[in-house]
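Residue strings, one per chain:
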Amino acid sequence: MKTFTVFFLIIQFFGFQAFAIQPTDSAQINKKRLNIVLIGTGVAYGASLIALNEAWYKKQRTSFHFFNDNSEWNQVDKAGHFYSAYQLSRVSKELFLWTNMSEKKSAIWGAVMSQAFMVTIDIFDGFSSEYGFSWGDITANMLGAGFFLSQELIFQEQKIKVKYSFHHTDYAASRPELLGNGYLEEILKDYNGHTYWLSFDLYALANKNPKIPSWLNLAFGYGADGMLYGRENENIANGYESFRQFYLAIDFDLSHIHSNSKFVNGVLFFLDMIKLPAPAVELNKQGINYHWIYF
């Protein structure tokens, strides 16, 4: 939850790694833009940590400890860590590209910066009485950044994108302090409404075959339902039984839309982080469900 909250609190963070980059790339890098990135992300990083402390940790401080939460929430929270690390890497790369850094180095340092930020959140968790330092979270973070970086190094583009969608559920009303009080909080906290997607760019995977519409993607989603508590034994004890959900759906790739407006291109870039509503087929232990529109 905390990681996903931070992703919305601050889309970028700090660039202390650039001190290691600058001696090698100073001939190509636009130093003025690099300074803007470093100062801007530094301020944003500090502000996000202050906001995070006020929102989550201020009243929870304790000695540093570890916590194994790998069995909680049917691992939907781990999918959230994977998604956040992936998207933070993706945004970071674009910032470095703006400084005239090469595609390869922008991708590498984007992934590094993503991990530097994410591990800070995990350390905060380690000092929280309600959470703890989770190796499962660290692993999900590394896999998310690694998924982004491996595609950049192999394909020089993202042929398989990680996306997120949310739909309202009735569970939050029963435990608003945990699952969210109001729609905005539920978007961050109610894992029953979270779905995480791998969206396959069919056009790019087919080597830009003109017979395939460039906007058409095929997406595989994962979520879970019936979770009023993190652990299944607690759900069962309170009359609930959670189950995993797997989805197959149409998706739309906005990265192939280009505009002369930088603002429009920026909006499209961030909208491409979201799985847009579309027909979907759901498979779970109760059977198969068909959705004319699923979000």
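Up top is the structure these notes are about.
Residues numbered from 1 in each chain as written. Predicted model: local features only at pLDDT ≥ 70, side-chain atom pairs only at ≥ 80, totals over all residues. Heavy atoms only, no water.

Moving on, we get to the overall build of the protein chain. Tallying secondary structure elements over the protein chain gives eleven helices and six strands in all. The globule rule puts the C-alpha radius of gyration for 295 residues at 19 Å, and the 20 Å found for the protein chain is close to it. Taken over the C-alpha atoms alone, the protein chain extends approximately 65 × 55 × 30 Å along its principal axes. Across the 295 residues of the protein chain, 50% fall into the buried class. Taking contacts inside the protein chain between residues at least 6 apart in sequence as the whole, the part at least 24 apart equals 71%. Summed over its atoms, the accessible surface of the protein chain is roughly 14,300 Å², and 64% of this surface lies on carbon and sulfur atoms. Positive and negative charge centroids in the protein chain, built from 24 and 27 side chains respectively, lie 10 Å apart. (Helix = DSSP H or I, 4+ residues; strand = E, 2+ residues; numbered from the N terminus. Rg over C-alpha atoms; globule rule 2.2 N^0.38 Å. Buried < 20%, exposed > 50% of the residue type's maximum accessible area, 1.4 Å probe, protein only. Contact = heavy atoms within 4.5 Å. Areas by Shrake-Rupley, 256 points an atom, 1.4 Å probe, with all protein chains shown as cover. Lys, Arg positive; Asp, Glu negative; His and termini not counted. Charge placed at Lys NZ, Arg CZ, Asp CG, Glu CD.)

Before going further, it helps to spend a moment on the nonpolar core. Among the nonpolar cores identified, the biggest contains 28 residues, and Val76, Tyr83, Tyr164, Leu179, Tyr196 and Met227 are the most heavily contacted of them. When residues of this core are traced back to their parent elements, those giving at least two are α4 (76-98), α5 (103-126), α6 (135-155), β1 (160-166) and β3 (216-225). In terms of residues, this core owes the most to one element, α4, which gives six residues. Those residues in contact with valine 76 that sit more than four places away from it in its chain are Tyr191, His194, Tyr196, Tyr222, Gly223, Ala224 and Met227. Leu49, Ala85, Ile121 and Tyr131 belong to the second-largest nonpolar core, a separate cluster that totals ten residues. (Core = buried A, V, L, I, M, F, W, Y, C linked by side-chain atoms within 4.5 Å.)

Time to look at the pattern of salt bridges. Pairing between side chains of opposite charge can happen when the charged atoms of each approach one another. Taken as a whole and assessed by the stated rule, the structure comprises 14 salt bridges. Arginine 231 is the partner of glutamate 72 in a salt bridge, and the nearest nitrogen-oxygen pair spans 3.4 Å. With a gap of 159 residues between them, glutamate 72 in the loop between α3 (31-57) and α4 and arginine 231 in the loop between β3 and α10 (232-237) connect regions that are remote in the sequence. Glutamate 72 gets classed as buried once you look at its relative accessible area, which sits at 14%. Of the charged contacts, one joins lysine 161 and aspartate 253 as a salt bridge, the two residues approaching to 3.2 Å between their closest N and O atoms. On the criterion of sequence distance, the pair formed by lysine 161 in strand β1 and aspartate 253 in the loop between β4 (243-252) and α11 (262-271) is long-range, its members being 92 residues apart. Residue class for aspartate 253 comes out buried when judged on its relative accessible area of 1%. In the salt-bridge network here, residues are joined through shared partners; they are Arg90, Lys161, Lys163, Asp251, Asp253 and Asp272. (Salt bridge = Lys/Arg side-chain N within 4 Å of Asp/Glu carboxyl O.)

Within the chain, asparagine 100 stands out as a residue other than glycine whose phi angle is a positive 75°. Positionally, asparagine 100 belongs in the loop between α4 and α5. Positive phi values are uncommon outside glycine, yet lysine 208 reaches one of about 60°.

With that out of the way, let us pick up the packing of aromatic side chains. Within this structure, the stated rule accounts for 22 aromatic pairs. With centroids separated by 6.0 Å and ring planes inclined at 80°, the aromatic side chains of tyrosine 86 and phenylalanine 148 adopt a geometry described as edge-to-face. Taken as a pair, tyrosine 86 in helix α4 and phenylalanine 148 in helix α6 lie far apart in primary sequence, 62 residues in all. What makes tyrosine 86 buried here is its relative accessible area of 0%. (Phe/Tyr/Trp six-rings, centres within 6.5 Å; stacked < 30°, edge-to-face > 60°.)

The end-to-end C-alpha distance of α4 is 33 Å, a good match for the 33 Å that 23 residues give at a rise of 1.5 Å each. Taken across its 23 residues, α4 has 19 buried, putting it largely inside the fold. The positive-phi residue at the C-terminal boundary of α4 is asparagine 100, with phi of around 75°. (Expected span 1.5 Å × (residues − 1).)

Attention now goes to the packing of α5 against α6. At a minimum axis distance of 10 Å, the contact between α5 and α6 shows a crossing angle of 175°. With respect to α6, the element α5 is oriented roughly antiparallel. Where α5 approaches α6, its residues Glu103, Lys104, Ala107, Ile108, Ala111, Ser114, Gln115, Met118, Val119, Asp122 and Asp125 are matched on the opposing element by Asp137, Ile138, Asn141, Met142, Ala145, Phe148, Leu149, Glu152 and Leu153. (Axes fitted to C-alpha atoms, helices over the stretch in contact; angles between N-to-C directions. Parallel < 35°, antiparallel > 145°, perpendicular 65-115°, else oblique.)

A few words now on the sheet that holds β1. Spatial ordering of the open sheet is given by β1-β2-β3-β4-β5-β6, a layout of six strands whose pairing is antiparallel. Of all the strands in the sheet, just β1 and β6 (287-294) have a single pairing partner and so form its edges. Across the sheet, the mean angle separating the axes of adjacent strands is 25° when strand polarity is ignored. Across five bridges, β4 lies against strand β5 (residues 278-284) in antiparallel orientation. Paired with leucine 248 across the bridge in β5 is valine 281. (Pairing = 2+ DSSP bridges.)

Another point: the layout of surface pockets. When its volume is computed, the largest pocket comes out at roughly 820 Å³. Broken down by secondary-structure element, the contributors of at least two residues to the lining of the largest pocket are α4, α6 and α11. When residues in the lining of the largest pocket are grouped by element, the largest group, seven residues, is from α4. The class makeup of the residues in the lining of the largest pocket is ten nonpolar, seven polar and eleven charged. (1 Å grid on protein atoms, 1.4 Å probe; cavity = no way out; pocket = protein on both sides within 12 Å on 5 of 7 lines; lining within 4 Å. Points joined across faces, edges and corners; volume = space filled by probe spheres on them. Nonpolar A, V, L, I, M, F, W, Y, C, P; charged D, E, K, R; others polar.)

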